[in-house]
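# A closer look at the structure
What follows is each chain in one-letter form.
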Amino acid sequence: MNIKDRMAGCFRRTLTRISPMLNTKVTYYVKFHKKLDLGHPVTLNDKILWLKFNTYWKNPLIKQCADKYRVREYITERGFKELLNPIIGVYDDVESIQWSNLPDKFAIKLNMGCGCNIIVSDKKQMNLNVIKETLKKWMKSEYYLDHSEMQYKDVKHYIIIENYLGKDNGDLPEDYKFYCMNGECKAILVCVNRDAEGHALYFFMDRNWNVLPYTWESEKYSNLVPPKPKKLDLAINNAEALAKEFPFVRVDFYFVNNEIVFGELTFTPAGGMDRDLKYLPPHNDKDVDHILGEMLCIDNENYGG
């Protein structure tokens, strides 16, 4: 991260401490070059930000489900325990991890935030000192400050170690993100060809597994159609069952050996400021942010509208 990015991050975190709304408005203006109007939200990003301040901020169920450890209680209570990746260990102190007792392959993640994951495909090759320093940094982080994602505020930090889900050759499994609005899956974002650094190609698919023209990859790689999972219909049903309590949530699954594995519930993707949604599909006068935004209703009184 360069000096400019570090300074911008410091500025955003300071603004959140002063006022989460102020930070949101300033960051939104910097990213989209226009003022945020939460009085008349139209796009998906705007509606997610409306939900953040009007229904998600102080909702205890949101706070629980945004926690990648405590969400497991919610998944189990809803009758989907079989979707959970088995846990090897949970720690609130890095030094308490017994590294010698861990299997040859495993996954490490923080119980909140984005990008706080370490995949160990060969324990003998891992740099333990670097991993420990990274984990200690995560444990001190105040993740909510950057984009004022208040569902992460005051959440106790945990390091979670889970079973390795990668392939035998070390490749990571494909990531399927089910965009659920008002309890219905409206689109599925598929991440394919993801490497160890997190680079991937992204395609939006509809429920019938047709490519939607919502990403630049769908135009550049028009002949590349991600393979349809064998249990897609079941995954959609599972995602909708987990999403019915929320006006918007992204339900993330993996498919491992044709079995569905739960990833996480995400309520504010990209902090509600996903610039990739500003992609303008060919022969369309609306960007993807507006197209998806029209699918989400936030006027229902059950959602605080």
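Now for a look at the structure at hand.

### A few points about the overall build of the chain
- Secondary structure summary: the chain contains nine helices and 10 strands in total.
- In terms of overall dimensions, the chain is globule-like: its C-alpha atoms have a radius of gyration of 19 Å, near the 19 Å expected for 305 residues.
- The principal-axis extents of the C-alpha atoms in the chain amount to approximately 55 × 45 × 40 Å.
- Scored against the burial criterion, the 305 residues of the chain give a buried share of 50%.
- Considering only residue pairs separated by 6 or more positions, the chain has 58% of its internal contacts joining residues 24 or more positions apart.

### Overview of the layout of surface pockets
- Roughly 360 Å³ of internal volume is contained in the second largest pocket.
- As for the second largest pocket, its lining consists of 13 residues, of which Ala8, Arg12, Thr27, Val30 and Lys31 are closest to the centre.
- If you list the elements that add at least two residues to the lining of the second largest pocket, you get helix H1 (3–18) and helix H2 (20–32).
- No other element matches H1, which puts six residues into the lining of the second largest pocket.

### Considering the sheet that holds strand E2 (residues 106–110)
- Taken in spatial order, the four strands make up an open sheet running E1-E4-E2-E3, and their pairing is antiparallel. Across the chains shown, the open sheet's two edge strands, defined by having one partner strand only, are strand E1 (87–91) and strand E3 (117–120). The average undirected angle you get between the axes of adjacent strands in this sheet is 15 degrees.
- In this sheet, strand E4 (residues 159–163) lies alongside E2 in antiparallel orientation, the contact comprising five bridges. Residue pairing in the sheet places Ala107 in a bridge with Glu162 of E4.
- Sheet strands touched by helix H6 (residues 128–140): E1, E2, E3 and E4. Its angle to E3, the strand with the most contacts, is close to 155 degrees.

### Observations concerning the pattern of salt bridges
- On inspection of all chains with the given rule, the structure shows 21 salt bridges.
- Of the charged contacts, one joins Arg78 and Glu77 as a salt bridge, the two residues approaching to 3.8 Å between their closest N and O atoms.
- Among the residues examined, Arg78 registers a relative accessible area of 29% and is labelled partly exposed.
- A salt bridge links Lys136 to Glu95; the shortest N-O distance between them is 2.9 Å. Note that Lys136 is positioned in helix H6 and Glu95 in the loop between E1 and E2, a separation of 41 residues in sequence.

### Considering the packing of H1 against H2
- For the pair H1 and H2, the least separation of the axes is 5 Å and the interaxial angle reads 140 degrees. Counting all contacts with H1, which are made through Phe11, Arg12, Leu15, Thr16 and Ile18, the residues of H2 involved are Pro20, Leu22, Asn23, Val26 and Thr27.
- Of the residues that constitute the contact of H1 with H2, the class distribution is six nonpolar, three polar and one charged.

### A look at the pairing of strand E5 (residues 175–181)
- Extensive coverage of E5 is indicated by the burial of seven of its seven residues.
- Residues Asp175, Lys177, Tyr179 and Met181 point to one face of E5 and Tyr176, Phe178 and Cys180 to the other, with burial holding for every one of them.
- Note that E5 and strand E6 (residues 184–192) share seven bridges and pair antiparallel. Counted as the bridge partner of Tyr179 is Ala187 from E6.
- Bridge count between E5 and strand E9 (residues 248–256): seven bridges; the pairing is antiparallel. Bridge pairing in E9 links Tyr179 to Arg250.

Reading guide: rules and limits
Residues numbered from 1 in each chain as written. Predicted model: local features only at pLDDT ≥ 70, side-chain atom pairs only at ≥ 80, totals over all residues. Heavy atoms only, no water. Helix = DSSP H or I, 4+ residues; strand = E, 2+ residues; numbered from the N terminus. Rg over C-alpha atoms; globule rule 2.2 N^0.38 Å. Buried < 20%, exposed > 50% of the residue type's maximum accessible area, 1.4 Å probe, protein only. Contact = heavy atoms within 4.5 Å. 1 Å grid on protein atoms, 1.4 Å probe; cavity = no way out; pocket = protein on both sides within 12 Å on 5 of 7 lines; lining within 4 Å. Points joined across faces, edges and corners; volume = space filled by probe spheres on them. Pairing = 2+ DSSP bridges. Axes fitted to C-alpha atoms, helices over the stretch in contact; angles between N-to-C directions. Salt bridge = Lys/Arg side-chain N within 4 Å of Asp/Glu carboxyl O. Nonpolar A, V, L, I, M, F, W, Y, C, P; charged D, E, K, R; others polar.

Purely geometric numbers; function is a separate question.
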